[in-house]
Amino acid sequence: MSELMRWAERLKKVPESRRGFLSKIGKGAILAGMGAFGAGCESFDRGVLGRELIPIVLEDARLAGLPKPDMTVHTEFPFNGEFAPSLLNDDVTPSERHFVRNNSGIPERAVNQDFAGWKLTIDGEVKKPLSLSMRELNQFPQTTMQAVLECAGNGRSLFEPKVGGTPWRRGAVACSEWSGPRLRDLLQAAGVKSSAVYLGCYGEDIPNDGSEPFSRGIPIEKALDEHTLIATMMNGEPLPAAHGFPARLIVPGWIGSAMQKWLTRIWARDIVHDSSKMTGYSYRVPAYPTAPGETPPVEDMVIATAWKVKSLITRPQEYVELKPGASLSARGHAWAGENEIAKVAVSTDFGQQWQEARLTPPANRYAWYHWEADLSFPIRGYYEIWARAYDDKGAAQPFKQPWNPKGYLGNVIHRVPVLVDS
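Everything numeric in this text was worked out from a predicted model, so none of it was measured. (Residues numbered from 1 in each chain as written. Predicted model: local features only at pLDDT ≥ 70, side-chain atom pairs only at ≥ 80, totals over all residues. Heavy atoms only, no water.)

Caption draft 1: Region of interest: the overall build of the protein chain. Along its length, the protein chain carries 8 helices and 25 strands. Residues counted as buried form 53% of the 422 residues belonging to the protein chain. Counting contacts in the protein chain only where the partners sit at least 6 residues apart, residues at least 24 apart contribute 70% of the total. In the form shown here, the protein chain has an accessible surface area of approximately 18,300 Å², with 50% of it arising from carbon and sulfur atoms. (Helix = DSSP H or I, 4+ residues; strand = E, 2+ residues; numbered from the N terminus. Buried < 20%, exposed > 50% of the residue type's maximum accessible area, 1.4 Å probe, protein only. Contact = heavy atoms within 4.5 Å. Areas by Shrake-Rupley, 256 points an atom, 1.4 Å probe, with all protein chains shown as cover.)

Rendered as C-alpha cells:
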C-alpha cells in the first residue's frame, strides 16, 4: 500500500470526537469512506489520490516532519504522538525523539519557517506595551538551559477506571535544550505593573472549527522566575514547526500546556487568566484526594501547575529476554517539578527488596536526573524492574495511580517486564 493510500485509510478511521476541522465531517460520512469529502468518494479518489495529492489538513503535518520515525501516533489532527521509554535514553532528548502535543493545526508560518510579519505583543497591565520582531527579541540577553517538558496527561492510559482524552502512555515527556531571552526581561522592559497577577498567553494556532483559540497562563511570580524563557531555539537550532516556531514559552517544572507554542501575545492581567482552557475541568485537578470514578464539583477543582516526583526506565526495553544468571545495567531519568530528586530505588522482586540507584545530578535546575543500577536475574521466571523516585520533600511515586477525572499528573511507578528463560 502506498503512503498516500495509508493516509486515506487512516482518515477513514477518524473518530467523531476528534477536535478541529475534521470533527465537522461527521462519523457517518467517514465510515462511508472518502465520501466524507463534499464531492464524494469517486471525486476524491480521482481529484486527490489520482493526482498523488494529500488532503491539505494532513499535508501540513507531513510538511512539519510528522509523524517522526518510530513515533506512536495517537491522533493525526490535531497531531499527538509519543515515543516508547526505551527511545528516550539520551541525556538530552534530540528533537526527533521529542513528543508532540497539539490542540489544533500547525500554523502555516511554522511549516514554512517564515519570520516575516511575526511580532510578539506584550500588553495589558504594563506601562509600555511592546510589539517585538524576532530581531528585537534576539537583542535581549539569551539563556540556554535543559528543561523537562511533559504533557499534563502523560500516563493517562494507566488510570483506572479509564478517563477520556489522549491515551498517553509514558512517552509524552522529554528533556531538550532550550535557548532564548528570559520572560522577566521582557516584562521588565514593558514595565509590568504591580497590579499584574497572571499572564494570559496566545499562539498562532487558530482552531479550524471556530472555537476559542487555545490559551493558558501562569502566575506573575512564575513568569518573573529567572528560569522561565521565551524559547526561540531547541537543541541549538530554530524551533521546529511542531515545537512552536518561531517562539514558545518554557515554564520549567510545570505541565506542558503552560508552555504556549507559536507564541504571539502575552497579556498581563489583574485577575487569574480565565480562558476556556483555564476554567471548568480543563487542566485542573481535585483539591483533595478523589475516589476512583468520582468527579468533584467544579468549584473544588484547582489549576494544575508543577509536576510531581516521577521516574522513567529507559534501559532495558520492555519484554527483554535473558538467560538465568544474566545481569544488566538498568538506566533511566527522574524529575520532580519544582522539587529536587533525593534518590531512585530499584526492585526486581516486586517491591520486596530495593537497591538505591546511582544518581547523576541534572545539568541545571529543572533538567532531569539520570540513574543507573546493576541488576542480576539468577533463576528462570518472570521478573519486573520497578523504579521509584523520591523527592527532597519526602514524596515518593505511588504504587497505584491516584485518580482524577481528567487523568492529569500521573506518576505511578514505572514497571518493565523481563523474562528469564533457558
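Caption draft 2: Representation of the packing of aromatic side chains. As enumerated under the stated definition, the model contains 11 aromatic pairs in all. Here the aromatic rings of F115 and F245 are separated by 4.8 Å at their centres, their planes lie at 50°, and the arrangement is tilted. Note that F115 is positioned in the loop between α5 (108–112) and β4 (120–124) and F245 in the loop between β12 (237–238) and β13 (248–250), a separation of 130 residues in sequence. Taking relative accessible area as the criterion, F115 reaches 38% and is therefore assigned partly exposed. (Phe/Tyr/Trp six-rings, centres within 6.5 Å; stacked < 30°, edge-to-face > 60°.)

Caption draft 3: Expanded view of the confidence of the model for the protein chain. Averaged over the protein chain, the pLDDT score is 90; the fraction of residues at 70 or greater is 86%. Confidence over residues 11–39 falls short of pLDDT 50; this stretch has 46 contacts with residues more than four positions distant or in other chains. (pLDDT = per-residue confidence, 0-100.)

Caption draft 4: Region of interest: the pattern of salt bridges. Applying the stated rule across the entire model yields 12 salt bridges. Among the salt bridges present, the one from D274 reaches R269, with a minimum N-O distance of 2.6 Å. On the basis of relative accessible area, D274 is assigned to the partly exposed category, the value being 45%. Each of the salt bridges in this network shares a partner with another, and the network as a whole consists of K222, E338 and R365. (Salt bridge = Lys/Arg side-chain N within 4 Å of Asp/Glu carboxyl O.)

Caption draft 5: Main features of the sheet that holds strand β23 (residues 369–377). In spatial order, the strands read β17-β19-β23-β22; together these 4 strands make up an open sheet with antiparallel pairing. At either margin of the open sheet sits one strand with a lone partner, and together these are β17 (310–315) and β22 (358–360). Here the strands of the sheet are splayed against their neighbours by 25° on average, with no regard to which way each runs. (Pairing = 2+ DSSP bridges. Axes fitted to C-alpha atoms, helices over the stretch in contact; angles between N-to-C directions.)

Caption draft 6: Broad picture of the sheet that holds strand β3 (residues 100–101). Across the sheet, 3 strands lie side by side as β1-β2-β3; this open sheet has antiparallel pairing. Every other strand in the sheet has two partners, leaving β1 (72–76) and β3 as the edge strands with one partner each. In the sheet, strand β2 (residues 79–82) pairs with β3 via 2 bridges, with the strands oriented antiparallel. Within β3, the residue paired with N80 across the bridge is R101.

Caption draft 7: The nonpolar core, seen in detail. Ranked by size, the top nonpolar core spans 66 residues in total, and within it I106, L183, L199 and I230 carry the most contacts. Excluding its chain neighbours within four sequence positions, the residues that come into contact with I230 are L120, L137, S179, G180, P181, L183, L186, A247, R248, L249, L263 and I266. (Core = buried A, V, L, I, M, F, W, Y, C linked by side-chain atoms within 4.5 Å.)

Caption draft 8: Focus on the environment of S276. Mapped onto the secondary structure, S276 falls in the loop between β14 (263–269) and β15 (284–286). Taking relative accessible area as the criterion, S276 reaches 35% and is therefore assigned partly exposed. With near-sequence residues (within four places) excluded, S276 lies in contact with E212 and S282.

Caption draft 9: Spotlight on the side chain of D205. Along the chain, D205 falls in the loop between β8 (198–203) and β9 (215–216). Of the buried charged residues, D205 lacks a salt bridge, with K261 as the closest side chain of opposite charge at 7.5 Å. There is a polar contact of 3.4 Å between the side chain of D205 and the side chain of S104. (Lys, Arg positive; Asp, Glu negative; His and termini not counted. Polar contact = N/O pair within 3.5 Å; in protein donor to acceptor, adjacent residues only side chain to side chain.)

Caption draft 10: Region of the structure containing a nonpolar patch on the surface. On the surface, F350, Y382 and L419 cluster together to form a nonpolar patch covering roughly 280 Å² of accessible area. As for its position among the elements, F350 is in the loop between β20 (341–347) and β21 (355–356). (Patch = residues over 30% accessible without salt bridge, like charges linked within 9 Å, V, L, I, M, F, W, Y side chains within 5 Å.)

Caption draft 11: Spatial organisation of the environment of P378. With respect to the helices, strands and loops of the structure, P378 is situated in the loop between β23 and β24 (381–391). Residue class for P378 comes out exposed when judged on its relative accessible area of 53%. A C-alpha to C-alpha distance of 8.6 Å links P378 and V420, two positions 42 residues apart in sequence. With near-sequence residues (within four places) excluded, P378 lies in contact with P324, G325 and Y383.

Caption draft 12: The pairing of β14, seen in detail. Within β14, 5 of the 7 residues are buried, which leaves the element mostly enclosed by the surrounding structure. The sheet contact formed by β4 and β14 spans 4 bridges and is parallel. Considered in β14, the bridge of G124 is made with A268. Two strands pair when backbone bridges link them, and β8 and β14 are joined in this way by 6 bridges, in the antiparallel orientation. Considered in β14, the bridge of G203 is made with L263.

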